[in-house]
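Observations on the model geometry
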Amino acid sequence: MTSSQPCKQEDGVRVRFAPSPTGYLHIGGARTALYNWLWARKNHGVFILRIEDTDAKRSTAESVTEILDGLKWLGLDWDQGPFFQSANLPEHVRAAEKLLESGNAYRCFCSKEDLDAQRQDAEAKKIPFQYDRRCRRLSEKEIQEKLRRGDPYVIRFAVTEDPACTVAFEDAVYGRIEKKCRDIEDFVIVRSDGRPLYILSNAVDDALDRITHVIRGADGLANTPKQVLLYKALGMSPPIFAHMPLTLDNKKAKLSKRRHGEVVTLAYYRERGFLPWALCNFMALLGWSTTDDREFFTREELISEFDLSRINRANSIFNYVPDDPKNWTDPKAIHFNATYIRTMPLEELLPYVKQELQEQGLWKDSYDNEEEELFRKTVDLIRARYHTLKDFSTRGRCYFSDDFRIEDDAVRKNLAKAPELRELLPELAGGLDALEDFDQESTEAVFRTFAEEKGIKPGLIINAARAAVSGTTVGPGLFEMLEVLGKEKVVRRLTRAAELVPRAADK
Ligand code: GLU
């Protein structure tokens, strides 16, 4: 790029997703990533991925992989990174030194015992504990002496003692937030072992990455006034903050794997057959809405509609009911996935179905060649009733393999009741086998004529055939089903199912 070209990305919006790689990628974390990505894409800005791995004990490589895989699966592509916060530690230390030099921070030599005594004192007086700032008053001589002795110290930020001071910022979601400086203690920014605290590292990295908007969970709100003080003391202007409401369960508890299990992890949705965009669309609505409460958005639509000002302040509810036999996750999420499966352009669905069938050993290369049209027709026929991609390999197994079970219920209701089916089914199969064009109309005609000739109700053979070819009592229209299954399979299955009908004498 030459310098005469406008450098939009450098001038515009820069956001980041900054997960700590200390566990699984949570549905709430994924939503944070999504909102940042949407804001970046809407503004033709830059989406940065920063892994906040400074807690070396709790950070793991598996967690980093899970985060990267999860974002890739969702299609939330980042423009820069992944950056690792730990690589920036020298910068964080330098910032702390700068604060020491400018008098905005000081060394605190108080021992744990000193602080415990102060805390107990506050408890006895029933006042909130705040470090009493005694080390802020040490003379230069005293400090040098302690340093010479090698006394351990932490570095604390020196909050202004002006009683009239308030720190304020305009949150894009929560509006103006003010906090009295006297309610903020001189917080620690560097530990006694020299490691900077997260509150410092996070703000310094946002400044280094020239982040314009910090979009994060409302649990970050408590830290923000302190971070605003840090920015100002470092001579930097704070970014715009947009805190997002938390996502809670229907009993208003925070979502966690410990409490709710796998259902709060992103990986689970992938395993259970979610379409990534269906999940993104669902997550987008956990805490954000349009003025007309529209629910379904394509990527482009969501990018264009999304706005920070429409993020709700109220916590959003993830309606998960443990042990609900009908819904393994929020029914709305399932409804979104099912709607996408049913209505999305077929071309976009086919690769997902292919992958599912491949993983389950049900894929045939012919579906990419001579049976391509048949594959498309089959998927189009069966998708209307499916909720997840898994359904294609489970409920839809009979369309891709002869090796499927006929449900007991289907045998009982549709086959075993009428012993005459033992003779009728092979005869019906013979009639179908004689067809040249095997399609909906021709097969239906065979069934109707056959029923008339035999003086039986068409329903008897229609239901029996349904059980025989698909193993179940429900599904698409029988004749549509027969057409996509094809003559060979239908004839074979009808003949095979006759064996399941008890002889009249056996009854
Ligand atoms: N590493 C922090 C977290 O995972 C990020 C907070 C922020 O976005 O500033 O909670």
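Structure report, in brief. The model shown is predicted, which means the values in this text are computed figures rather than measured ones.

Parameters and conventions
- Residues numbered from 1 in each chain as written.
- Predicted model: local features only at pLDDT ≥ 70, side-chain atom pairs only at ≥ 80, totals over all residues.
- Heavy atoms only, no water.
- Helix = DSSP H or I, 4+ residues; strand = E, 2+ residues; numbered from the N terminus.
- Buried < 20%, exposed > 50% of the residue type's maximum accessible area, 1.4 Å probe, protein only.
- Core = buried A, V, L, I, M, F, W, Y, C linked by side-chain atoms within 4.5 Å.
- Contact = heavy atoms within 4.5 Å.
- Phe/Tyr/Trp six-rings, centres within 6.5 Å; stacked < 30°, edge-to-face > 60°.
- Lys NZ or Arg CZ within 6 Å of the ring centre and 35° of its normal.
- Disulfide = S-S within 2.5 Å.
- Pairing = 2+ DSSP bridges.
- Axes fitted to C-alpha atoms, helices over the stretch in contact; angles between N-to-C directions.
- Near = heavy atom within 4 Å.
- Polar contact = N/O pair within 3.5 Å; in protein donor to acceptor, adjacent residues only side chain to side chain.
- Areas by Shrake-Rupley, 256 points an atom, 1.4 Å probe, with all protein chains shown as cover.
- Nonpolar A, V, L, I, M, F, W, Y, C, P; charged D, E, K, R; others polar.

On to unusual backbone geometry. Gly81 connects to Pro82 through a cis peptide bond whose omega is 5°. Within the secondary structure, Pro82 is located in strand E3 (residues 80–84). Even without a glycine there, the phi angle at Lys126 is positive, about 55°. Residue placement: Lys126 occurs in the loop between helix H5 (112–124) and helix H6 (140–149). Assessed through its relative accessible area of 74%, Lys126 is described here as exposed. In the Ramachandran plot, Arg210 falls in the positive-phi region, its phi being about 50° despite a non-glycine side chain. Here Arg210 lies in the loop between helix H7 (198–208) and strand E9 (213–217).

Right, let's talk about the nonpolar core for a bit. One finds Ile189, Tyr269, Leu279, Leu432 and Phe447 to be the most contacted residues of the largest nonpolar core, which totals 152 residues. Top element by residues in this core is helix H2 (residues 27–42). It accounts for nine residues. Excluding residues that lie within four positions of it along the chain, Ile189 makes contacts with Ala96, Leu99, Ala105, Ile155, Arg156, Phe157, Pro196, Leu197, Leu200 and Leu230.

Next up on the list: the packing of aromatic side chains. Working definition: an aromatic ring pair is given by the centre-to-centre distance plus the angle between the planes. Summed over the entire model, instances satisfying the criterion amount to 23 aromatic pairs. Aromatic pair Trp363 and Phe375: ring centres 5.2 Å apart, planes at 85°, arrangement edge-to-face. Placement of the pair is Trp363 in the loop between helix H14 (346–359) and helix H15 (372–382) and Phe375 in helix H15, with a sequence separation of twelve residues. We note Arg272 situated over the ring of Trp328; from NZ or CZ to the ring centre the distance is 4.3 Å.

This part covers the state of the cysteines. Evaluation of the coordinates by the stated rule reveals one disulfide. Each sulfur in the disulfide pair Cys165 and Cys181 lies 2.1 Å from the other. Here Cys181 lies in the loop between strand E7 (175–180) and strand E8 (188–190) and Cys165 lies in the loop between strand E5 (154–157) and strand E6 (166–171), a separation of 16 residues in the sequence. Taken individually, Cys165 and Cys181 each receive the classification buried, so the pair is uniform in this respect. Take Cys108: it sits in no disulfide, and the sulfur closest to it among the cysteines is that of Cys110, at 4.0 Å. Overall, Cys108 belongs to the buried group, its relative accessible area being 2%. In this structure Cys135 is a free cysteine whose sulfur lies 3.6 Å from that of Cys110, the closest cysteine sulfur available. Residue classification places Cys135 among the buried residues on the basis of a relative accessible area of 7%.

Next up on the list: the sheet that holds E5. The sheet built from three strands is open, its strands ordered E4-E5-E8 with antiparallel pairing. For this open sheet the edge positions go to strand E4 (105–108) and E8, each flanked by a neighbour on one side alone. Averaged over all adjacent pairs, the angle separating strand axes in this sheet is 45°, with direction ignored. Pairing between E5 and E8: two bridges, direction antiparallel. Residue pairing for E8: Ile155 is matched across the bridge by Val190. Strand contacts of helix H4 (residues 89–101): E4, E5 and E8, with the helix running at about 100° to E4, the strand carrying the most contacts.

Taken together, the residues surrounding the ligand are Arg16, Ala18, Pro19, Ser20, Glu52, Tyr198, Asn202 and Arg216. One of the side-chain N or O atoms of Arg16 is found 2.7 Å from an oxygen atom in the ligand. Glu52 places a polar side-chain atom, nitrogen or oxygen, 2.6 Å from a nitrogen atom of the ligand. Expressed as a share of its isolated accessible area of 300 Å², the protein-covered part of the ligand is 71%. Split into classes, the residues belonging to the shell around the ligand amount to three nonpolar, two polar and three charged.

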